[in-house]
Amino acid sequence: PLAAQTFTPPEGCEGFLTVQQRGCMMSNHYTCESDPEGDQWRVDFVEGGPVFASRINYETEWVESLGLITRTRTVLGEDKPDPANFTELLETGIDTYDFTTVTNDEEVTRYRGADVLTGETVEIDGHELMVMEFTTEVDEPEGGRSRQEGINYVSEEWRLFLPGETRSLNPDGSVEDERDNTPVQLI
């Protein structure tokens, strides 16, 4: 989308990566001098414009995300028995996690799962990405439970995950949603 190609990060911030993905999505990544060291932002664009923004920290925890269409704000909850740990993933090949997020100051969602490096890599535009499989159990605010699984790509160079193929499963194991946002170009 044209808007994503001409994206300018907010004042005091500097862009470092644009990712063109399958599924007609483009993400712009940037850092801001006012944020804690290691934090970075991403804004996702679809054909109609920006739809999602998020900030992660040095260990790739979801610090904050903004649904730009739904006007929702989600922050990392205080209940983190097993926080996400990018360093552990790189050192051991696996990272388990158990944490909560809070949406609009009231809806609590719990995420439990594991990220596992497969040992495979792919190269896109001269950048090596590690292939990672993930499985996440999601306890929804309304009391239901769902499961997400798929493949993401890990950049040690930029210390972040790039989306890949994701399946959301219903409690009975049937597929609710499938998406393929595998990166095809890194700019």
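Bear in mind the structure is a predicted one, so any value in this text is a computation, not a measurement.

**Observations regarding the overall build of the protein chain**
Secondary structure assignment for the protein chain yields 2 helices and 13 strands. Each of the 187 residues in the protein chain was classed as buried or not, and the buried ones make up 45%. Contacts in the protein chain between residues far apart in sequence, at least 24 positions, make up 34% of those at least 6 positions apart. For the protein chain, the exposed area adds up to about 10200 Å²; of that, 46% sits on carbon and sulfur atoms. Charged side chains of the protein chain number 13 positive and 40 negative; the gap between the two group centres comes to 4 Å.

**Examining the nonpolar core**
Counting 11 residues, the largest nonpolar core consists of Leu17, Val19, Ile56, Ile124, Leu129, Val131, Tyr153, Trp158, Leu160, Leu162 and Leu186. For this core, the secondary-structure elements that each account for two or more residues are strand 1 (13-21), strand 9 (127-139) and strand 11 (160-169). Beyond its immediate stretch of four places on either side in the chain, leucine 162 contacts Val19, His29, Leu129, Asn152, Tyr153, Pro183 and Leu186.

**Quick notes on unusual backbone geometry**
For arginine 71, which is not a glycine, the phi torsion comes out positive at approximately 55°. One non-glycine residue, aspartate 105, lies in positive phi territory at about 65°. Here aspartate 105 shows up in the loop between strand 7 (94-103) and strand 8 (107-124).

**Quick look at the confidence of the model for the protein chain**
Residue-level pLDDT values for the protein chain average 93, and 97% of them are 70 or greater. Considering each helix and strand of the protein chain separately, the mean pLDDT is smallest for helix 1 (residues 2-5), with a value of 48, and largest for helix 2 (residues 86-92), with 98.

**Quick look at the state of the cysteines**
Taken as a whole, this structure holds 1 disulfide when the rule is applied. One disulfide bridge connects cysteine 13 with cysteine 32, the sulfur atoms lying 2.0 Å from each other. Since a negative S-S torsion denotes a left-handed disulfide, the cysteine 13-cysteine 32 link at about 100° is right-handed. Here cysteine 13 is found in strand 1, whereas its partner cysteine 32 is found in strand 2 (residues 25-32), with 19 residues between them in sequence. Cysteine 32 shares its class with cysteine 13; the two are buried.

**Some words on the pattern of salt bridges**
Side-chain pairing between opposite charges can occur once the charged atoms of the two side chains come close. The final tally for this structure, using the stated rule, is 15 salt bridges. Here arginine 42 and aspartate 44 are joined by a salt bridge, their closest N and O atoms 2.8 Å apart. Overall, aspartate 44 belongs to the buried group, its relative accessible area being 4%. With its nearest N and O atoms 2.9 Å apart, the salt bridge here joins arginine 110 to aspartate 79. A residue pair is termed long-range when its members are at least 10 positions apart, and arginine 110 in strand 8 and aspartate 79 in the loop between strand 6 (72-76) and helix 2 qualify at 31 residues. The class of aspartate 79 is partly exposed, set by a relative accessible area of 36%. One network of salt bridges, with partners in common, ties together Asp39, Arg55, Glu64 and Arg73.

Analysis parameters
Residues numbered from 1 in each chain as written. Predicted model: local features only at pLDDT ≥ 70, side-chain atom pairs only at ≥ 80, totals over all residues. Heavy atoms only, no water. Helix = DSSP H or I, 4+ residues; strand = E, 2+ residues; numbered from the N terminus. Buried < 20%, exposed > 50% of the residue type's maximum accessible area, 1.4 Å probe, protein only. Contact = heavy atoms within 4.5 Å. Areas by Shrake-Rupley, 256 points an atom, 1.4 Å probe, with all protein chains shown as cover. Lys, Arg positive; Asp, Glu negative; His and termini not counted. Charge placed at Lys NZ, Arg CZ, Asp CG, Glu CD. Core = buried A, V, L, I, M, F, W, Y, C linked by side-chain atoms within 4.5 Å. pLDDT = per-residue confidence, 0-100. Disulfide = S-S within 2.5 Å. Salt bridge = Lys/Arg side-chain N within 4 Å of Asp/Glu carboxyl O.

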